[in-house]
Amino acid sequence: MARKPTSINRKALSRAEREARIQRWILLATAGVVALAILILAGGFFYEKMIWPDQPVASVDGRPIRTREFQKRFRFVEDSLRRQAALLERESASLNPNDPAQATIAALYRQQIRQINLQLEDPVLLGRAVLQQMIDERLIQAEAERRGIRVPSEAIDREIERRFGFVRETPTPAGSPTPTITPGPGTPGPTPLPTPTPMSEASFRALYAAQLKRWEGELGFTEADYRAMIEAELLEQQLREAFAREVPTHEEQVDVRMITAETLDLANELYRRVQAEGFEKVFADVEAGRVVSATAQNMGWTPVGGLGSLYGTELEKIVFATPVLSTTSVITSPVGYHIVFVAGREDRELAPYYLEARQRQVFEDWLQKQRTDPNRVRYFDWQNRLPRPTIARSAPR
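These numbers were taken from a predicted model, which means no experiment stands behind them. (Residues numbered from 1 in each chain as written. Predicted model: local features only at pLDDT ≥ 70, side-chain atom pairs only at ≥ 80, totals over all residues. Heavy atoms only, no water.)

Q: Is there a simple way to explain the overall build of the protein chain in this structure?
A: Check the secondary structure of the protein chain and you find 12 helices and eight strands. Evaluated residue by residue, the protein chain yields a buried proportion of 35% over its 397 residues. Counting only carbon and sulfur atoms, one obtains 56% of the accessible surface of the protein chain, whose full area is about 24200 Å². (Helix = DSSP H or I, 4+ residues; strand = E, 2+ residues; numbered from the N terminus. Buried < 20%, exposed > 50% of the residue type's maximum accessible area, 1.4 Å probe, protein only. Areas by Shrake-Rupley, 256 points an atom, 1.4 Å probe, with all protein chains shown as cover.)

Listed below in structure tokens is the structure:
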């Protein structure tokens, strides 16, 4: 009988131990879950703040354009577009709609506002333009470096001053006008402010400092980012000039006169007259308005591309293959039916219009070739790395 309480005590103790052990397991499991949740949250925070911003959205020659760079530029461009639209709205509202000249200007402003809003309403469209501009800057920088082209820090300073309306009273040598820079697509500069009187250096510095403070505080866009963007635009200008110097200033050209008819029947009739009376006589009649539904044009000296851009490459090929002082048969083009007289052919200096077009085109052709080279340019998941919409944005001032 004396051992019975001992058995009961053991059972009670065993039950208490089991309950204590279960409690410890529950506490340990709870602590483990909490620790795991903390680790997951900390890992997510670390990834979002440290790893994700360093992920590339594109690369040029193996050099990444990182998410944080892309997002900063996107915010800067978006902000600049919003402020530009707000400025145009104010300017448009200040114009007199009853004045025809001012009404025309207001219509142009509204058209620009619509174009800006189209970009702002489509983040992917705007993001694509911003990213393309950043890729172009890397390609241009690499080519400029290869050619030994540099932009001195002083040139960046002067360009920033010019954009903010401050012009130093530095005499410009005769015959050497100071070039101006037009910001490229997707990289607008600050909205110009009206300056009825010359800006002092102190005013410029105060305005510039205030703008930098706003950019960095609201957009994360620093002075270094802004100077790098200005440097890229100056480099592009210098590289364009280098390409332009390589374009030949002389080309084979043809001196042509053209009769254009609206219908094939009229063109055939005029061609029969040309064969019987000569081109000059028929050309003069058309030019004087004695022939209905036909026009006469003296195209002058034209290089390859001049006629092709207006009437198609087929017409241009025929004209350049036609002997001097000869007339083509009737040529069909998208805009009518033509009879062309080739008055001359020789190697001549290009007119400024054609030379400037050649110079622009050679640079654009080079840049497009680099853009589409998969060995140089690679794209990553940039669409999913656009900045999240900011709900509380400061209103444009």
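Q: Explain the side chain of Arg257 here, please?
A: Mapped onto the elements, Arg257 comes out in strand S3 (residues 250-261). Owing to a relative accessible area of 16%, Arg257 belongs among the buried residues under this scheme. Within polar-contact distance, the side chain of Arg257 engages the side chain of Glu280 at 2.9 Å. When residues no more than four places from it in sequence are discounted, the contact partners of Arg257 are Phe279, Glu280, Phe283, Gln297, Asn298, Met299, Ile339, Val340, Phe341 and Ala343. (Polar contact = N/O pair within 3.5 Å; in protein donor to acceptor, adjacent residues only side chain to side chain. Contact = heavy atoms within 4.5 Å.)

Q: I tried to follow the packing of aromatic side chains on my own but got confused; where do I start?
A: Pairs of aromatic rings are described using the distance from one ring centre to the other and the angle between the two planes. Taken as a whole and judged by the stated rule, the model has 19 aromatic pairs. Among the aromatic residues, ring-to-ring pairing joins Phe76, Phe164, Phe166, Phe204, Tyr208, Trp215, Phe221 and Tyr226 into one connected group. When the ring centre of Phe243 is taken as reference, the NZ or CZ atom of Arg147 above it lies at 4.5 Å. (Phe/Tyr/Trp six-rings, centres within 6.5 Å; stacked < 30°, edge-to-face > 60°. Lys NZ or Arg CZ within 6 Å of the ring centre and 35° of its normal.)

Q: Mind showing me how you'd approach the environment of Thr222 here?
A: Within the fold, Thr222 resides in the loop between helix H6 (201-219) and helix H7 (223-245). Along the backbone, Thr222 and Lys72 are 150 residues apart, and their C-alpha atoms lie at a distance of 9.0 Å.

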